[in-house]
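Reading the structure
So the chains spell out like this:
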Amino acid sequence: LPAANGLAAGPDNTLYIDNGPIPTSALPDPKIVRLKIDPSNPMHVTEQTDWLQMTPLVDFPNGVRWANNRLYFSTSTTVLPQLGSIKYVTINADGSPSDATTLGTILGLPDDFSVIGEHVLMVSYSNNQIFLLSPSGEILQQSALLSFDSPSMVLAGQPPLFRPDEILVTEKGIIGLPPTPGYGNKLSVLTPN
């Protein structure tokens, strides 16, 4: 895959990988690939399938997570007004994906995200924000515009290093440029008051 970006472990010894927006010399080929792994040898792939095809030059998948019997993925689109979204599919009885359902949208370019219970924590790389989406996709909370330095991932804390009520945000900085002193390349920890 020329632009493998997100990876999630699914049921029945499967891995899901999105071929996303990382600039490469290859033509855009947005999709989610499913790998079936040999349960007796985790280093052996028994099948690779282009599992969920998307529209080239329209859809740009980024992150992928398996939770709540769904495969969630973040994607950007060139079709306005919906710029960024979290979508999900379920797995049909024959192993194929269901039609994608949009959980929620933002006016920004999403990067990676986390599923916490039935809520979604997501970042907007372009707006330098993080968002908390409800199970029905409403924006429950969001940070101020330009709160972070091009965030790439957001997670709830886990012991022993972090408390469950803390939020961890990786701040990438600007892709393709040399590191800018004081901008990006850090981990921020948000602690409740």
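Here, every reference points to the structure presented above.
Residues numbered from 1 in each chain as written. Predicted model: local features only at pLDDT ≥ 70, side-chain atom pairs only at ≥ 80, totals over all residues. Heavy atoms only, no water.

**Looking at the overall build of the chain**
- Scanning the chain from terminus to terminus reveals zero helices and 15 strands.
- A compact globule built from 193 residues would reach a C-alpha radius of gyration of about 16 Å, and the chain, at 17 Å, matches this within 12%.
- Across the 193 residues of the chain, 44% fall into the buried class.
- Within the structure as shown, the chain displays about 10400 Å² of accessible surface, and the carbon and sulfur contribution to it stands at 57%.
- On the chain, the mean spot of the 9 positive side-chain charges and the mean spot of the 17 negative ones are 2 Å from each other. (Helix = DSSP H or I, 4+ residues; strand = E, 2+ residues; numbered from the N terminus. Rg over C-alpha atoms; globule rule 2.2 N^0.38 Å. Buried < 20%, exposed > 50% of the residue type's maximum accessible area, 1.4 Å probe, protein only. Areas by Shrake-Rupley, 256 points an atom, 1.4 Å probe, with all protein chains shown as cover. Lys, Arg positive; Asp, Glu negative; His and termini not counted. Charge placed at Lys NZ, Arg CZ, Asp CG, Glu CD.)

**A closer look at the pairing of strand 1 (residues 4-10)**
- Two strands pair when backbone bridges link them, and strand 1 and strand 2 (residues 14-19) are joined in this way by six bridges, in the antiparallel orientation. In the sheet register, Gly10 faces strand 2, and the bridge partner there is Thr14.
- Hairpin connection, strand 1 to strand 2: the antiparallel pair is bridged by three residues, and Asp12 has positive phi, about 55 degrees. (Pairing = 2+ DSSP bridges.)

**Quick look at the side chain of Glu166**
- Within the secondary structure layout, Glu166 lies in the loop between strand 13 (151-156) and strand 14 (167-171).
- Buried and without a salt bridge, Glu166 has Arg163 as its closest oppositely charged side chain, separated by 4.1 Å.
- Polar contacts involving the side chain of Glu166 include one to the main-chain amide nitrogen of Arg163, which spans 2.9 Å.
- For Glu166, the residues in contact, after removing those within four places along its chain, are Leu155, Ala156, Gly157, Val189, Leu190 and Thr191. (Salt bridge = Lys/Arg side-chain N within 4 Å of Asp/Glu carboxyl O. Polar contact = N/O pair within 3.5 Å; in protein donor to acceptor, adjacent residues only side chain to side chain. Contact = heavy atoms within 4.5 Å.)

**Describing the pairing of strand 2**
- Within strand 2, five of the six residues are buried, leaving the element largely enclosed by the surrounding structure.
- Relative to strand 3 (residues 31-38), strand 2 runs antiparallel, the two sharing six bridges. Pairing of Tyr16 across the sheet is with Arg34, part of strand 3.

**What about the sheet that holds strand 10 (residues 119-124)?**
- Taken in spatial order, the four strands line up as 9-10-11-12 in an open sheet, and their pairing is antiparallel. Every interior strand has two partners, whereas the edge strands, strand 9 (110-116) and strand 12 (139-142), have only one. Sheet twist, expressed as the average angle between the axes of neighbouring strands with direction ignored, equals 20 degrees.
- As judged from the five bridges shared by strand 10 and strand 11 (residues 129-133), these two strands associate in the antiparallel manner. In the strand pairing of strand 11, Val120 is matched with Leu133. (Axes fitted to C-alpha atoms, helices over the stretch in contact; angles between N-to-C directions.)

**Looking at unusual backbone geometry**
- Note the cis peptide between Pro159 and Pro160, where omega equals 10 degrees.
- Positive phi values are uncommon outside glycine, yet Leu57 reaches one of about 65 degrees.
- Tracing the chain through its elements places Leu57 in the loop between strand 4 (41-53) and strand 5 (59-67).
- With a relative accessible area of 58%, Leu57 lands in the exposed category.
- Although it is not a glycine, Leu146 sits at a positive phi angle of roughly 65 degrees.
- Its location among the elements puts Leu146 in the loop between strand 12 and strand 13.

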